[in-house]
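Observations on the model geometry
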Amino acid sequence: MNYNATLKFAVVALLVALIGLSFKSIQASPTQAKLGQSQFSDISQTTELLESTDISDATIQHQTLVLGLGCFWGAEKRFEALPGVINVLSGYADGRGLKPTYREITKLKQKFNDDNFAEVIRVEYDQSVIATDTLIKLFYEMHDPTQKNRQGNDVGTQYRSTILYNSEQQADIATRLTKTFQQRLNEKGKGLIQTQIKPLDKFYPAEDYHQDYIAKNPNGYCPDHSTGVTFEDSPLLAKKMTEPPATVDNTGLLTGKQIVVIDAPNCPYCERFKEDVTNDYAGDIPLHFRLASQLDGLTISSPTFGTPTILFIEDGKERLGHMGYMSSDSFYKALGAFKLGDTEAFKVAFGKGTDNRFCKAYDKFKNTPPGVFIDSLSGAPLFDTSDRFNSGTGWLSFHSAIEDSVTYHEDNSFGMERTEVRAKITGIHLGHVFNDGPNGGKRYCINATVLDFVPRT
């Protein structure tokens, strides 16, 4: 072997030693530890080589940890969102005697096979930004480690709870935190932890369609099998979340109509639902956020293991429920059915109907004091009384809509050419706009049944 070939071999060996081996396994001097079986005699030449390979202390901070906490779809997304986490892969580990493929591990004959592969995620992280302790605390807080070979409705050895470590340091941390979390579970009357803590043998990446599954399927839900028990310095509850106190009083939810959203920290579908829907909601039916463990006193028929779950409740009993992300259109149609029922207002709002001329709602709103007409579902302002005028048509008429409150759509129904007006947030049908208003201006011809009124204070 010539000198150049030896040099290349040494560089490769050096990189493998630095990245793939733990420091505990190196029993040589500091110089030898960096070089492995170096054949260099000139230390200055060795230093130059190290500098040219751009090896830094930051590289050593990158670690991997393999975790199994039920279905890997939600776990992958939750851990991927954490600061300091570089990458997360869904995959299989800790099995033997069968192929590590989704088709194979989900066969009925493997359901209770102790040698079956577990669904896991491999978390690559920078431990200078996020500690191994934090990852393992989140692992325990995100699922129910007291369930053996299952998480909720997902039953079988592939869903077992497991920590597969790559170093003795990770093993020590996992063992210590498992004891601590068991104490916390004991305090809450929960069962024994079933989590297996083992050294990682080999990780097999899952098929491509499993990677970033939630991002590829935007209308799903995040499985939430957490016990509600946390560490005293819980990283889970430190995450920003629209969340009530740990103990809640549901007395106020036992009367009248209410909306309850079952929420969870680190749930991307929950955050998207808030951004797209609830952040803009100002309707007159109160909306509450709860954890799945905070529904005491309510009669709920929908499953509650997925978040978000949206519940429409009347007098403490569920009337409508939906598990998973809801678009704004879907949410407001469900809310319309819940609030309006089988009424003319619902047909107008969602069936593009039209109020009868001089209907009761028109009589109610034609001479109000100064104020604002709002979307009866979202509470968003739509029209101001300062723009109202009496057109004599029997429908509410306005010169204009409040800025950025409505959208316009071509309507050629009934052989006519008209411009439809919809509420921007809810998408409900409001009426039409014409060019026959006073002094050649606009006339917004609006159905009164889909509006509410707020007087100016």
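Anything mentioned here points back to the structure above.
Here's what I pulled together on the structure shown here. (Residues numbered from 1 in each chain as written. Predicted model: local features only at pLDDT ≥ 70, side-chain atom pairs only at ≥ 80, totals over all residues. Heavy atoms only, no water.)

To continue, consider the pattern of salt bridges. Enumeration over the complete set of coordinates arrives at 22 salt bridges. In this structure, the salt-bridge partner of Glu232 is Arg184, at a minimum N-O distance of 3.5 Å. With Glu232 in the loop between strand E9 (222-223) and helix H10 (235-238) and Arg184 in helix H8 (residues 168-187), this pair connects stretches of sequence that are 48 residues apart. The shortest N-O distance in the salt bridge between Glu271 and Lys274 comes to 3.3 Å. Pair noted here: Glu271 and Lys274 are both in helix H11 (residues 268-276), with a separation of 3 residues, about one helical turn. For Lys274, a relative accessible area of 5% puts it in the buried group. Beyond isolated ion pairs, a larger network of salt bridges with shared partners links Asp94, Arg96, Asp115, Arg160 and Lys198. (Salt bridge = Lys/Arg side-chain N within 4 Å of Asp/Glu carboxyl O. Helix = DSSP H or I, 4+ residues; strand = E, 2+ residues; numbered from the N terminus. Buried < 20%, exposed > 50% of the residue type's maximum accessible area, 1.4 Å probe, protein only.)

For the coordinates displayed, the defined rule picks out 2 cavities of 30 Å³ or more. Looking at the largest cavity, its volume works out to about 110 Å³. Contributing to the lining of the largest cavity are Leu69, Gly70, Cys71, Gly74, Ala75, Arg78, Met142, His143, Gln151, Asp154, Pro223 and His225. At 3 residues, helix H5 (residues 72-80) tops the list of elements feeding residues into the lining of the largest cavity. (1 Å grid on protein atoms, 1.4 Å probe; cavity = no way out; pocket = protein on both sides within 12 Å on 5 of 7 lines; lining within 4 Å. Points joined across faces, edges and corners; volume = space filled by probe spheres on them.)

This part covers unusual backbone geometry. Here the bond from Thr307 into Pro308 is cis, since omega is -5°, no more than 30 degrees from zero. Inspection of the secondary structure puts Pro308 in the loop between strand E12 (306-307) and strand E13 (309-314). A positive phi angle, near 65°, is found at Asp94, a position not held by glycine. Note that Asp94 resides in the loop between strand E2 (85-93) and helix H6 (102-105). With a relative accessible area of 12%, Asp94 lands in the buried category.

Right, let's get into the sheet that holds strand E18 (residues 396-398). Within a beta sheet, neighbouring strands are joined by backbone hydrogen bonds and run either parallel or antiparallel to one another. With respect to topology, 6 strands assemble into an open sheet ordered E17-E18-E22-E21-E20-E19, the strand pairing being antiparallel. Looking at the sheet topology across the chains shown, the edges are occupied by strand E17 (388-389) and strand E19 (406-411). Pairing between E18 and strand E22 (residues 443-446): 3 bridges, direction antiparallel. Bridging across to E22, Phe398 finds its partner in Tyr444. (Pairing = 2+ DSSP bridges.)

Inspection of the secondary structure assignment puts Thr278 in the loop between H11 and strand E11 (287-290). In this structure, the C-alpha to C-alpha distance between Thr278 and Val261, residues 17 residues apart in sequence, is 9.6 Å. Dropping the residues within four chain positions of it, Thr278 is found in contact with Phe273, Leu287 and Phe289. (Contact = heavy atoms within 4.5 Å.)

When you tally the buried positions in helix H7 (residues 132-142), you get 9 out of 11 residues, the bulk of the element. Those residues of H7 lying buried are Thr132, Leu135, Ile136, Lys137, Leu138, Phe139, Tyr140, Glu141 and Met142.

Any pair of aromatic rings gets described here by the distance separating the centres and the angle formed by the planes. In the structure shown here, the tally under the stated rule is 18 aromatic pairs. Summarising the aromatic geometry, the rings of Phe312 and Phe338 are spaced 5.4 Å apart at their centres and angled 50° between planes, so their arrangement reads as tilted. Taken together, the residues span a long stretch of sequence, with Phe312 in strand E13 and Phe338 in helix H12 (residues 328-340) at a distance of 26 residues. For the pair formed by Phe312 and Phe338, the shared burial category is buried. With a centroid separation of 6.0 Å and 65° between ring planes, the pair formed by Phe383 and Tyr444 is classed as edge-to-face. Of this pair, Phe383 sits in strand E16 (residues 381-384) while Tyr444 sits in strand E22; the two residues are 61 residues apart in sequence, bridging distant segments of the chain. Tyr444 shares its class with Phe383; the two are buried. Chaining the aromatic ring pairs together yields one cluster made of Phe365, Phe373, Phe383, Phe398, Tyr408, Tyr444 and Phe453. The ring of Phe231 has Lys137 sitting right over it, with the charged end atom 5.7 Å from the ring centre. (Phe/Tyr/Trp six-rings, centres within 6.5 Å; stacked < 30°, edge-to-face > 60°. Lys NZ or Arg CZ within 6 Å of the ring centre and 35° of its normal.)

Bringing the pairing of strand E7 (residues 196-199) into the picture now. Bridge analysis of strand E6 (residues 161-165) against E7 gives 4 bridges, and the strand direction is parallel. Bridge pairing in E7 links Thr162 to Gln196. Running through H8, the crossover from E6 to the neighbouring parallel element E7 is right-handed. (Right-handed = clockwise from strand over helix to strand, strands pointing away.)

Tyr269, Cys270, Phe273 and Lys274 are the residues of H11 that are buried. Projection of H11 onto a plane perpendicular to its axis shows the buried side chains occupying an angular sector of 140°, all on one side. (Arc of directions from axis to C-beta.)

A few words now on the environment of Asp452. With respect to the helices, strands and loops of the structure, Asp452 is situated in strand E23 (residues 451-455). Asp452 gets classed as partly exposed once you look at its relative accessible area, which sits at 26%. As for Asp452 and Phe365, which are separated by 87 residues in sequence, their C-alpha atoms are 8.7 Å apart.

Function-wise, these values are silent; they only describe arrangement.
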